[in-house]
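Chain and residue survey
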Amino acid sequence: DSYSKRLEGFRVRTFDKDNNIRGFYKDRNLSSQRIYYISLNGSVNLPVNLVSISLEGTNRILTLCEVEVYGECPAGFWSLPCSQQCPTSCPYDCDRDTGECNSICIEHSNPPHCDAACRSGEWGINCGNNCSSRCAEVSCYVKTGQCDQGCQGYSDPPYCETECKTRIYGTNCTSNCSSACLYGECDPRTGHCYNCLPSFHGYFCERKIFNVELISFGMGYAACSGLTIVVILALALSRTIVCQCNARSRLEPVQHHTDLQQDICHDYDQREIAEYGDAVSEPKYCNYTSSKVPEINLHEYETIV
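Remember, it's a predicted structure, so these values are computed and weren't measured experimentally. (Residues numbered from 1 in each chain as written. Predicted model: local features only at pLDDT ≥ 70, side-chain atom pairs only at ≥ 80, totals over all residues. Heavy atoms only, no water.)

In this section: the overall build of the protein. Assigned secondary structure in the protein consists of 2 helices and 14 strands. For the protein, the proportion of its 305 residues judged to be buried stands at 29%. Looking at the protein alone, contacts between residues at least 24 apart form 33% of all its contacts between residues at least 6 apart. For the protein, the exposed area adds up to about 20200 Å²; of that, 50% sits on carbon and sulfur atoms. (Helix = DSSP H or I, 4+ residues; strand = E, 2+ residues; numbered from the N terminus. Buried < 20%, exposed > 50% of the residue type's maximum accessible area, 1.4 Å probe, protein only. Contact = heavy atoms within 4.5 Å. Areas by Shrake-Rupley, 256 points an atom, 1.4 Å probe, with all protein chains shown as cover.)

Below is the structure:
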């Protein structure tokens with residue numbers, strides 16, 4: 001107003017489409033001003049249809065040179081009356097005039113278009129975060145990052161903050177460690193044993209080691225024949241077996257390794273004498289210790305099925 005005193009005590013009110021007051025302001029300045037910058041009180045985040053400027057009292061004249069009104073739509077809305085909702089790919093941050101996403105995409109990675117969905121294992125604004133390794137399959141909700149397929153090595157989905165107890169592993173801690181794990185302990189995520197009981201090995205200690213000692217040709221043939229049967233059974237049962245075969249030296253006493261009867265062992269002595277002659281001067285019931293007897297080195301074989 002060219003005469004500033006005429007604006008003393010003015011008030012501004014805003015109304016919605018149902019003519020309800022949404023915002024208000026009353027001038028309480030002690031002195032008049034030529035230009036006023038005001039901010040409304042009340043429910044200013046709601047859309048308005050009308051702005052009213054008035055003076056209180058009678059016989060007062062209101063003359064205005066120019067009135068400029070600026071307002072922002074509440075978060076999630078756009079258009080002049082703020083009646084349009086922002087796209088779901090940027091529900092809280094879109095251009096107030098066009099409705100296009102600004103710099104933020106939800107569930108998508110390429111603002112302002114926001115049409116490229118997050119890849120598996122990604123979540124958050126512009127897909128900028130990776131799902132936690134605690135999540136099963138490293139999979140999570142793209143909006144919150146919480147695990148959507150359970151926990152791996154943890155027991156409280158979708159947060160996955162409580163680690164599995166000892167001897168338990170897997171998705172939501174629902175599996176038991178292998179009984180062949182030393183002390184029954186294994187990795188809570190993979191189930192791999194930290195150490196195995198004796199005679200077992202493998203990630204889950206699922207491979208059994210059998211020691212088979214080949215005492216003579218006949219015994220070796222029988223043992224290997226038996227080994228063949230074991231292998232066939234193992235294949236039938238889909239189990240993994242490790243067999244370790246040791247060839248016995250001729251210098252080792254036979255009675256330490258077999259239950260051969262005395263007469264059979266005596267025949268063995270006679271065959272040794274016939275083969276080596278004087279090299280075996282005093283047969284002692286298959287217990288040769290003469291250094292002249294040719295030595296058969298110990299051989300070790302390992303067969304993994």
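Here the narrative resumes.
For the structure shown, the criterion picks out 1 aromatic pair. Ring centres 5.9 Å apart and planes at 45° place the aromatic pair Phe10 and Tyr25 in the tilted group. With Phe10 in the segment before strand S1 (11–15) and Tyr25 in strand S2 (residues 21–26), this residue pair connects regions lying 15 residues apart in the sequence. Residue Phe10 shares its accessibility class with Tyr25, and that shared class is buried. (Phe/Tyr/Trp six-rings, centres within 6.5 Å; stacked < 30°, edge-to-face > 60°.)

A cluster of nonpolar side chains, contributed by Val51, Leu62, Leu64, Val67 and Val69, occupies part of the molecular surface with about 380 Å² of accessible area. Looking at the element boundaries, Val69 is found in the loop between strand S4 (50–54) and strand S5 (77–78). (Patch = residues over 30% accessible without salt bridge, like charges linked within 9 Å, V, L, I, M, F, W, Y side chains within 5 Å. Salt bridge = Lys/Arg side-chain N within 4 Å of Asp/Glu carboxyl O.)

The next subject is unusual backbone geometry. Along the chain, Pro111 connects to Pro112 via a cis peptide bond; the corresponding omega equals 5°. The omega angle of the peptide bond from Pro157 to Pro158 is 0°, so this bond is cis rather than trans. Tracing the backbone shows Pro158 in the loop between strand S8 (129–130) and strand S9 (168–169). With a phi close to 60°, Glu137 is a non-glycine residue in the positive phi region. Within the fold, Glu137 resides in the loop between S8 and S9. Classification of Glu137 as exposed rests on a relative accessible area of 65%.

Turning to the state of the cysteines, a few remarks are in order. Going through the model one piece at a time under the given rule, you end up with 12 disulfides. Paired through a disulfide, Cys151 and Cys160 show a sulfur-sulfur distance of 1.9 Å. With the S-S bond torsion at -90°, the cross-link from Cys151 to Cys160 turns out left-handed. For the pair Cys151 and Cys160, a shared accessibility class is recorded, and that class is buried. Note on cysteine connectivity: Cys196 is disulfide-linked to Cys205, with sulfurs 1.9 Å apart. Between Cys196 and Cys205 the disulfide shows an S-S torsion of about -90°. By sign, it is left-handed. On the basis of relative accessible area, Cys196 is assigned to the partly exposed category, the value being 24%. (Disulfide = S-S within 2.5 Å.)

As for its placement among the helices and strands, Ser89 is situated in the loop between strand S6 (84–85) and strand S7 (122–123). Taking C-alpha positions, Ser89 is 9.7 Å from Asn126, a pair spaced 37 residues apart along the chain. With sequence-adjacent residues up to four places away left out, Ser89 is seen in contact with Cys101, Ile104, Cys105, Ile106, His108 and Cys114.

Attention now goes to the confidence of the model for the protein. Detailed reading of the predicted coordinates is not advisable wherever pLDDT falls low. Averaged over every residue, the pLDDT of the protein is 75; residues scoring 70 or more account for 66%. This model gives residues 279–305 a pLDDT under 50, and the stretch forms 62 contacts once residues within four places in sequence are excluded. (pLDDT = per-residue confidence, 0-100.)

So, on to the sheet that holds S1. A sheet is described by the order of its strands in space; here 4 strands give the open sequence S3-S2-S1-S4, paired in antiparallel fashion. The sheet terminates laterally at strand S3 (41–42) and S4, the two strands that pair on one side only. Relative to S3, S2 runs antiparallel, the two sharing 2 bridges. From the neighbouring strand, Phe24 faces S3, where its bridge partner is Asn41. (Pairing = 2+ DSSP bridges.)

This part is about the side chain of Glu122. Here Glu122 shows up in strand S7. According to the relative accessible area criterion, Glu122 is buried, its value standing at 14%. A distance of 2.9 Å separates polar atoms of two side chains, one belonging to Glu122 and the other to Arg119. When neighbours within four sequence positions are excluded, Glu122 is seen to be in contact with Cys127, Asn129, Asn130, Cys131 and Val142. (Polar contact = N/O pair within 3.5 Å; in protein donor to acceptor, adjacent residues only side chain to side chain.)

What follows concerns the pattern of salt bridges. Within the structure shown, the criterion is met by 5 salt bridges. Two residues, Asp16 and Arg22, come together in a salt bridge whose shortest N-O distance is 2.9 Å. For the salt bridge of Lys26 with Glu56, the shortest nitrogen-to-oxygen distance reads 2.8 Å. In this pair, Lys26 is assigned in strand S2 and Glu56 in the loop between S4 and S5, connecting sequence segments 30 residues apart. Glu56 sits in the partly exposed class, given a relative accessible area of 37%. Salt bridges linked by common partners bring Arg11, Lys26 and Glu56 together as one network.

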